[in-house]
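Coordinates in review
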Amino acid sequence: PESITVGELALRLKATVAEVIKKLMQNGVFASINDEIDFDTASLVAMEFHAKVEKEVEVTIEEQIIDDSEDKEEDLETRAPVVVVMGHVDHGKTSLLDAIRHTNVTSSEAGGITQHIGAYQVKVNDRMVTFLDTPGHEAFTTMRARGAMATDIAVLVVAADDGVMPQTIEAIHHAKAAKVNIIVAVNKIDKPGANPQMVMEQLTKYGIVPEEWGGNVPCIPVSAKTGTGLNDLLEMILLVADMKELKANPNRPAKGVIIEARLDKGRGPIATMLVQNGTLHQGDIVVAGTSVGRVRAMTNESGREITSAKPSVPVEVTGLDSVPAGGDTFNAVSDERLARELVEQRRTAKKEEKFNARTKVTLDNLFEQM
Ligand code: GDP
Ligand code: MG
């Protein structure tokens, strides 16, 4: 186009008409809102506005309400390792998690009703270890897809009487792709047919070389049934955690990942959140994927109400306005109104994405039929 009206230019520059008129005057052009100005003059004004306009547009709501600053070394504190248990079906993942939970509940919480919240913490030598109680594969795929790796260590359970199986191999691939440390728990060593040597031999074919054979993967013989080796396994987890120097800053707004979520008839949406950095407090405004709300009640896996959760602590939270997806990231934010606006934006974007995906499929189908 050869020309543009002052009003239109203001609109495009996201400036007020008065600002544009003022800029024009500074350049020796006197025009009012409906006057046309030539392209060269318009570009000149646009250029002078540009730097400012660009800056304003770039500050997203996310940037305004989510504290994304780097932590200073001196603010960091050691945090508990987050562990996921993986392996072939029936090799003893659930049994192992149960055995660890039952032998290591802290005495103050013994007798409390243990709830399934998808994650729990156990105490080992006065230190904590966080276990994700979700199927390892699922946790990995959804979280990796969202770029929110929640785990530090994968315990690969292999039954000593059965050896490496398809899902064992799959688990190795997942763990390697996610770059988490692997510890092998050679389970069911109480069984007569148990052959831990065979398991270790098989594993070397998949790049898992046991420490005792000069590799870097600890292999711990255990029995989820009798409890043999469980302490060795837990101590190894702490040793690996120490090598990784896992740290976080408890003194900042919380961020983390949704482990699982559901709708409760009485209490509304309930989400198990794993805090990865900062501290989550009761009353915090939280954005989780396309959900938003204020943390109403927080409980740990014993059903005990708590008022804050530090890094690596999993908590069950009520107060969100909808059910977030497992693997969604969450952030405690500073402004409720903007938080709601952000979630609105995300919901719209999600709808558009879905719509676009649908139209694409329809077009593909159309071409296929032709
Ligand atoms: P998952 O599918 O990997 O979660 O495996 P489960 O924990 O459900 O265990 C499958 C079966 O193996 C169950 O019957 C368990 O009782 C049994 N099992 C698990 N661990 C052991 C163990 O250390 N020794 C023995 N003898 N049986 C075990
Ligand atoms: Mg199971």
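Our structure's up above, just so we're on the same page.
The rules behind these values
- Residues numbered from 1 in each chain as written.
- Chains lettered and ligands numbered in written order.
- Predicted model: local features only at pLDDT ≥ 70, side-chain atom pairs only at ≥ 80, totals over all residues.
- Heavy atoms only, no water.
- Pairing = 2+ DSSP bridges.
- Helix = DSSP H or I, 4+ residues; strand = E, 2+ residues; numbered from the N terminus.
- Axes fitted to C-alpha atoms, helices over the stretch in contact; angles between N-to-C directions.
- Patch = residues over 30% accessible without salt bridge, like charges linked within 9 Å, V, L, I, M, F, W, Y side chains within 5 Å.
- Areas by Shrake-Rupley, 256 points an atom, 1.4 Å probe, with all protein chains shown as cover.
- Salt bridge = Lys/Arg side-chain N within 4 Å of Asp/Glu carboxyl O.
- Lys, Arg positive; Asp, Glu negative; His and termini not counted.
- Charge placed at Lys NZ, Arg CZ, Asp CG, Glu CD.
- Buried < 20%, exposed > 50% of the residue type's maximum accessible area, 1.4 Å probe, protein only.
- Near = heavy atom within 4 Å.
- Polar contact = N/O pair within 3.5 Å; in protein donor to acceptor, adjacent residues only side chain to side chain.
- Nonpolar A, V, L, I, M, F, W, Y, C, P; charged D, E, K, R; others polar.
- Contact = heavy atoms within 4.5 Å.
- Core = buried A, V, L, I, M, F, W, Y, C linked by side-chain atoms within 4.5 Å.

**Examining the sheet that holds strand β4 (residues 82-87)**
Overall, mixed pairing links the six strands, which are arranged β5-β6-β4-β7-β8-β9 in an open sheet. Looking at the sheet topology across the chains shown, the edges are occupied by β5 (119-124) and β9 (219-221). This sheet shows a mean twist of 30 degrees between the axes of neighbouring strands, independent of strand direction. As paired elements, β5 and strand β6 (residues 127-132) share six bridges and run antiparallel to each other. Each residue of the ladder has a partner; that of lysine 123, found in β6, is methionine 128.

**Remarks on a negative patch on the surface**
A contiguous patch of negative charge on the surface is contributed by Glu73, Glu74, Asp75, Glu77 and Glu245. Relative to the helices and strands, glutamate 77 is located in strand β3 (residues 77-78). By relative accessible area, which is 40% here, glutamate 77 ends up partly exposed.

**Quick word on the site of ligand 1**
Inspection of the region around ligand 1 gives 15 residues, with Asp90, Lys93, Thr94, Ser95 and Asp190 positioned closest. Here aspartate 90 contributes a backbone N or O atom positioned 2.7 Å from an oxygen atom of ligand 1. Backbone polar atom of glycine 92 to an oxygen atom of ligand 1: 3.0 Å apart, as the coordinates give it. For ligand 1, the protein covers 71% of the area, taking 580 Å² as the surface of the free molecule. No other element matches helix α5 (residues 93-104), which puts three residues into the shell around ligand 1. In terms of residue class, the shell around ligand 1 is built from two nonpolar, seven polar and six charged.

**Description of the side chain of threonine 130**
Structurally, threonine 130 is set in strand β6. Its relative accessible area of 0% is what places threonine 130 among the buried residues. Sequence-distant contacts of threonine 130, that is, excluding residues within four places in its chain, are made with Ala80, Pro81, Val82, Val83, Tyr120, Gln121, Leu274, Ser312 and Pro314.

**A closer look at unusual backbone geometry**
Non-glycine residue aspartate 126 carries a positive phi angle of around 70 degrees. Positionally, aspartate 126 belongs in the loop between β5 and β6. Phi is positive for glutamate 245, which is not a glycine, with a value near 50 degrees. Mapped onto the elements of the fold, glutamate 245 is located in the loop between α9 (230-244) and β10 (247-248).

**Let's talk about the pattern of salt bridges**
Taken as a whole and judged by the stated rule, the model has 15 salt bridges. Ionic pairing is found between arginine 252 and aspartate 67, a salt bridge with its closest N-O pair at 3.4 Å. Residue arginine 252 is located in the loop between β10 and β11 (255-264), and its partner aspartate 67 is located in the loop between α4 (61-65) and β3; the two are separated by 185 residues in the primary sequence. Accessibility expressed as a relative area gives 35% for aspartate 67, which makes it partly exposed. A salt bridge links glutamate 336 to arginine 294, with the nearest nitrogen and oxygen atoms 3.2 Å apart. Pair noted here: glutamate 336 is in helix α10 (residues 336-369) and arginine 294 is in strand β15 (residues 291-294), with a separation of 42 residues, a long-range link. Using a relative accessible area of 41% as the deciding quantity, one classes arginine 294 as partly exposed. Three or more residues joined by partner-sharing salt bridges are found here, namely Asp67, Asp71 and Arg252.

**Here's the deal with the nonpolar core**
The nonpolar side chains of a soluble globular protein tend to be buried with one another. Membership of the largest hydrophobic core comes to 28 residues, with the highest contact counts inside it found for Leu132, Leu156, Ile182, Val184, Leu203, Ile208 and Leu274. Mapped by element, the contributors of at least two residues to this core are β4, β7 (153-159), α7 (166-177), β8 (181-187), α8 (196-204) and β11. Here leucine 203 is in contact with Leu156, Val164, Ile172, Val184 and Ile208, once residues within four sequence places are set aside. One finds Tyr120, Phe131, Ala224 and Leu234 within the second-largest nonpolar core, a separate group that totals 26 residues.

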